[in-house]
Amino acid sequence: MVKKPKWVVAKEQAKKASAAETVWLFGLHAVRDALLNPKREKLQLILTPNAAAKLEDAIKDSGLEPEIQDPRRFDVPIDPQSVHQGAALEVKPLDWGSLEDVALGEGPARVILLDRVSDPHNVGAILRSAEVLGARAVIGTRHHAAPETGALAKTASGALERQPYLRERNLAEAIEKLQAMGYLVLGLDGEAEQTIEEAVEGLRDRAIALVLGAEGPGLRPKTKETVDKLVKIEAQGAFGSLNVSNAAAVALYAVRG
């Protein structure tokens, strides 16, 4: 009997693990929007009587039968410190398709890429800004990036159900794919010489991707080499810097069409 190569076995195991993966969403907003999302595969709903009353319409729409629990013994596999508001929903992660599926389309598209931004609260806030300011997608990496979690979903306040969030294997390759699609790719770097506004002058009719790095390390060298231009957010004062989620919102607003 011929043994499978180790890399084949590892790939098959990873595929099985991914297929079995589930996420526990919590909080009234996150649970309500997931219940109302027809694309979301919903597995198990646990509520307190009070939360069940508040989510009555969404529960009916979902067709899911909730398990009602005493608020003093709310037993779900989430961090005990989580502000769950008596609502928890086990789901499968969303499948938004390929990078091409979300990045191609009519009009001057806007996309955000995240270079190892691993804090789920930051990513959740970025998803909210992306939805409000019309970004086509938020793209992270499969490793060293925030996965879809209950904390991320709660911070996104429902945006996770509507705003595509992809995690690509290699960020530099994702950037090159976007460039091949006609995107102008701008990397945010506090040391850059050019501001965002200067870089997009006369180019707002183009598809634009903004790349942001984690606070502290910023963009990795390979990322800096791959983007079309490095740009900065013009600061009024001599000191201080923006949180990555705030920077994403300001940058998106700066490149609006």
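Residues numbered from 1 in each chain as written. Predicted model: local features only at pLDDT ≥ 70, side-chain atom pairs only at ≥ 80, totals over all residues. Heavy atoms only, no water.

A. Structural detail: unusual backbone geometry. Look at H144: it is not a glycine, yet its phi comes out positive at around 60°. Mapped onto the elements, H144 comes out in the loop between β6 (137-141) and α7 (150-156). (Helix = DSSP H or I, 4+ residues; strand = E, 2+ residues; numbered from the N terminus.)

B. Broad picture of the environment of I46. Among the structural elements, I46 can be located in strand β2 (residues 42-47). C-alpha of I46 to C-alpha of D70: the two residues are 24 residues apart in sequence and 10 Å apart in space. Beyond its immediate sequence surroundings of up to four residues, I46 is in contact with W24, E67, Q69, F74, D75, V76, G86, A87 and A88. (Contact = heavy atoms within 4.5 Å.)

C. Representation of the environment of L186. For L186, the location among the structural elements is in strand β8 (residues 184-188). Here the alpha-carbon distance between L186 and T22, two residues 164 residues apart in the chain, equals 34 Å. Discounting residues that sit within four places of it in the chain, L186 has contacts with A199, V200, I208, A209, L210, V211, K229 and V231.

D. Summary view of the packing of aromatic side chains. Tallying each qualifying case throughout the model produces zero aromatic pairs. The ring centre of Y253 lies 3.8 Å from the NZ or CZ of R256, which sits over that ring. (Phe/Tyr/Trp six-rings, centres within 6.5 Å; stacked < 30°, edge-to-face > 60°. Lys NZ or Arg CZ within 6 Å of the ring centre and 35° of its normal.)

E. Seen up close, the sheet that holds strand β11 (residues 229-232). The seven strands are arranged β7-β6-β5-β10-β8-β11-β9 in an open sheet whose pairing can be described as parallel. At either margin of the open sheet sits one strand with a lone partner, and together these are β7 (165-168) and β9 (194-195). Judged from the three bridges that link them, β8 and β11 form a sheet pairing that is parallel. The residue bridging L188 from the neighbouring strand is V231, located in β11. Contacts from helix α8 (residues 171-180) reach β5 (110-115), β6, β7, β8 and β10 (208-213), with the element oriented near 165° to β5. (Pairing = 2+ DSSP bridges. Axes fitted to C-alpha atoms, helices over the stretch in contact; angles between N-to-C directions.)

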